[in-house]
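Letter by letter, the chains look like this.
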Amino acid sequence: MVTTPRLFVDAPLSESAELILPREQAHYLVNVMRREAGSPVRVFNGRDGEWQAKVADASRKGASLQVETRLREQIGVPPLRLCFAPVKKARTDFIVEKATELGVARIQPVITRRTQSERVRTDRLLALATEAAEQTERLCLPEMSEPVTLERLLADWPDGERLIFCDEAGDGEGAWGGPEGRARPMADMLGAETGPAGPWSILIGPEGGFDEAERAHLRSLPYVRAVTLGPRILRADTAAVAALTLWQAALGDWR
């Protein structure tokens, strides 16, 4: 079975439009996928849906496409943002890749007091997200935000957006805690929600967890839901996948 390559392009898409591919995409299409003039390609840009195209020209110097017909109308993803503390490079890459596959609308790196990896190249992460979107049939890319401190994130919090705080400690006081002030299991909290009205965010902490001052501040905020992800302490990358999966199954586009 021959797989039709699927590319994200940053250009308007319409019938008979001609696209000159950037060098990296041309190399991938011609030298890696071995496509020639006339070969089919699917393209999307996050605005105009998905289109069938064909290779108009292919050489060592570059490649161009001719757009033919629209395959799918543009559809978006649920209003879900992943806020996470960067971890080791490979695990941060994994988080971004899986968040894209799981359908987040926005990815926000957050610097906490225990964050061990503060250098984040958002251009590189966006390239990873683009590859994941191309491979998983998404019609748009997630917005990739520049890193901010946890204090700044909370100080600028948008009205109407709810924040799921994945609290690995799972205890303490909080308006959205469970019995005796404990954080509620995430599945229980989502089951009690009436619907997805308004945007949501999920916050995943660093490898060392949030410190007590950060936890206390988060639990004091009225829009924060403190939850646990089960009886075991999860790695940050595992926690991100688990939390996104639970949200999508309860309130997202998996239903």
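Keep in mind it's a predicted model, so treat the numbers as computed, not measured.

A.B. asks: Sorry, what's going on with the overall build of the chain here?
C.D. replies: Helices and strands together make up the secondary structure of the chain, namely seven helices and 13 strands. C-alpha atoms of the chain, sized along the principal axes, occupy 65 × 35 × 35 Å. Restricting to contacts in the chain with at least 6 residues of sequence separation, those with at least 24 account for 74%. Carbon and sulfur atoms make up 51% of the accessible area of the chain, which totals about 13000 Å². The averaged location of the 37 negative side-chain charges in the chain is 3 Å from the averaged location of its 33 positive side-chain charges.

A.B. asks: I'm lost on the nonpolar core in this one. Help?
C.D. replies: A general trend in soluble globular proteins is that nonpolar side chains are found buried together. Of all hydrophobic cores here, the largest spans 30 residues; its most connected members are Leu82, Ile164, Met186, Ile202, Ile204, Leu244 and Trp247. If one sorts the elements of this core by residue count, helix α7 (residues 236–251) sits on top with seven residues. In terms of nonpolar packing, the next biggest core, distinct from the first, is built from 17 residues, Leu29, Val41, Val43 and Trp51 among them.

A.B. asks: I'm lost on the environment of Asp123 in this one. Help?
C.D. replies: As for its position among the elements, Asp123 is in helix α3 (residues 122–135). By relative accessible area, Asp123 is classed as partly exposed at 48%. Between the alpha carbons of Asp123 and Val241 there is a distance of 22 Å; along the sequence they are 118 residues apart.

A.B. asks: So what exactly am I meant to see when it comes to the packing of helix α2 (residues 89–101) against α7 here?
C.D. replies: The relative placement of two packed helices is expressed as an angle between their axes plus a distance between the axes. In contact at an axis separation of 9 Å, α2 and α7 are set at 10° when each is read in the N-to-C sense. Taken together, the axes of α2 and α7 are roughly parallel relative to one another. Contacts between α2 and α7 involve Arg91, Phe94, Ile95, Lys98 and Ala99 from the former and Ala236, Asp237, Ala240, Val241 and Leu244 from the latter. In the contact of α2 with α7, the residues fall into seven nonpolar, no polar and three charged.

A.B. asks: Please clarify how the UniProt feature "domain: Ribosomal RNA small subunit methyltransferase E PUA-like" (unreviewed entry) in the chain should be interpreted in this entry.
C.D. replies: In the UniProt entry, the feature "domain: Ribosomal RNA small subunit methyltransferase E PUA-like" (unreviewed entry) is given for residues 21–67. The straight-line gap between the two end C-alpha atoms of residues 21–67 is 12 Å; of that span, 21% is helix and 45% is strand.

A.B. asks: Mind showing me how you'd approach the pairing of strand β3 (residues 40–44) here?
C.D. replies: The side chains of a regular strand alternate between the sheet's two faces. Most of β3 sits inside the fold, with four of its five residues counted as buried. Bridge count for strand β1 (residues 6–8) against β3 is three bridges, and the pairing is parallel. Across the sheet, the residue bridging to Leu7 is Val43, located in β3. As judged from the five bridges shared by β3 and strand β4 (residues 50–59), these two strands associate in the antiparallel manner. Within the sheet, the bridge partner assigned to Val41 lies in β4 and is Ala53.

A.B. asks: Whenever I open this one, the packing of aromatic side chains confuses me. Can you help?
C.D. replies: Between two aromatic rings, the relevant description is the distance of the centres plus the angle of the planes. Going through the model one piece at a time under the given rule, you end up with three aromatic pairs. Taking the centre distance of 5.5 Å and the plane angle of 65° together, the rings of Phe8 and Phe44 count as edge-to-face. Pair noted here: Phe8 is in strand β1 and Phe44 is in strand β3, with a separation of 36 residues, a long-range link. Exposure class is identical for Phe8 and Phe44. Each is buried. Seen from their ring centres, Trp157 and Tyr223 are 5.2 Å apart, and the 0° between their planes marks the pair as stacked.

A.B. asks: What's the story with unusual backbone geometry in this structure? I'm lost.
C.D. replies: The phi angle of most residues is negative, glycine excepted, and most peptide bonds adopt the trans form. Positive phi is not limited to glycine here, since Ser16 has a value of about 75°. Residue position: Ser16 is located in the loop between β1 and β2 (18–20). Accessibility expressed as a relative area gives 46% for Ser16, which makes it partly exposed.

A.B. asks: Explain helix α6 (residues 212–220) here, please?
C.D. replies: Since there are 3.6 residues in each turn of an α-helix, residues three or four apart along the chain are aligned in direction. Within α6 the residues assigned to the buried category are Glu214, Arg215, Leu218 and Arg219. The arc enclosing the buried residues of α6, seen along the axis, measures out at 125°, which places them on a common side. In α6, those exposed residues whose orientation departs by more than 90 degrees from the buried face are Glu212 and Ser220. Among the structural elements, α4 (150–155), β10 (162–166), β12 (200–204) and β13 (224–228) are those in contact with the buried residues of α6. Sitting at the amino-terminal end of α6 is Asp211, which places a side-chain oxygen 3.2 Å from the backbone nitrogen of Ala213.

What counts and what doesn't
- Residues numbered from 1 in each chain as written.
- Predicted model: local features only at pLDDT ≥ 70, side-chain atom pairs only at ≥ 80, totals over all residues.
- Heavy atoms only, no water.
- Helix = DSSP H or I, 4+ residues; strand = E, 2+ residues; numbered from the N terminus.
- Contact = heavy atoms within 4.5 Å.
- Areas by Shrake-Rupley, 256 points an atom, 1.4 Å probe, with all protein chains shown as cover.
- Lys, Arg positive; Asp, Glu negative; His and termini not counted.
- Charge placed at Lys NZ, Arg CZ, Asp CG, Glu CD.
- Core = buried A, V, L, I, M, F, W, Y, C linked by side-chain atoms within 4.5 Å.
- Buried < 20%, exposed > 50% of the residue type's maximum accessible area, 1.4 Å probe, protein only.
- Axes fitted to C-alpha atoms, helices over the stretch in contact; angles between N-to-C directions.
- Parallel < 35°, antiparallel > 145°, perpendicular 65-115°, else oblique.
- Nonpolar A, V, L, I, M, F, W, Y, C, P; charged D, E, K, R; others polar.
- UniProt positions renumbered as here; feature names shortened; annotations may be inferred.
- Pairing = 2+ DSSP bridges.
- Phe/Tyr/Trp six-rings, centres within 6.5 Å; stacked < 30°, edge-to-face > 60°.
- Arc of directions from axis to C-beta.
- Polar contact = N/O pair within 3.5 Å; in protein donor to acceptor, adjacent residues only side chain to side chain.

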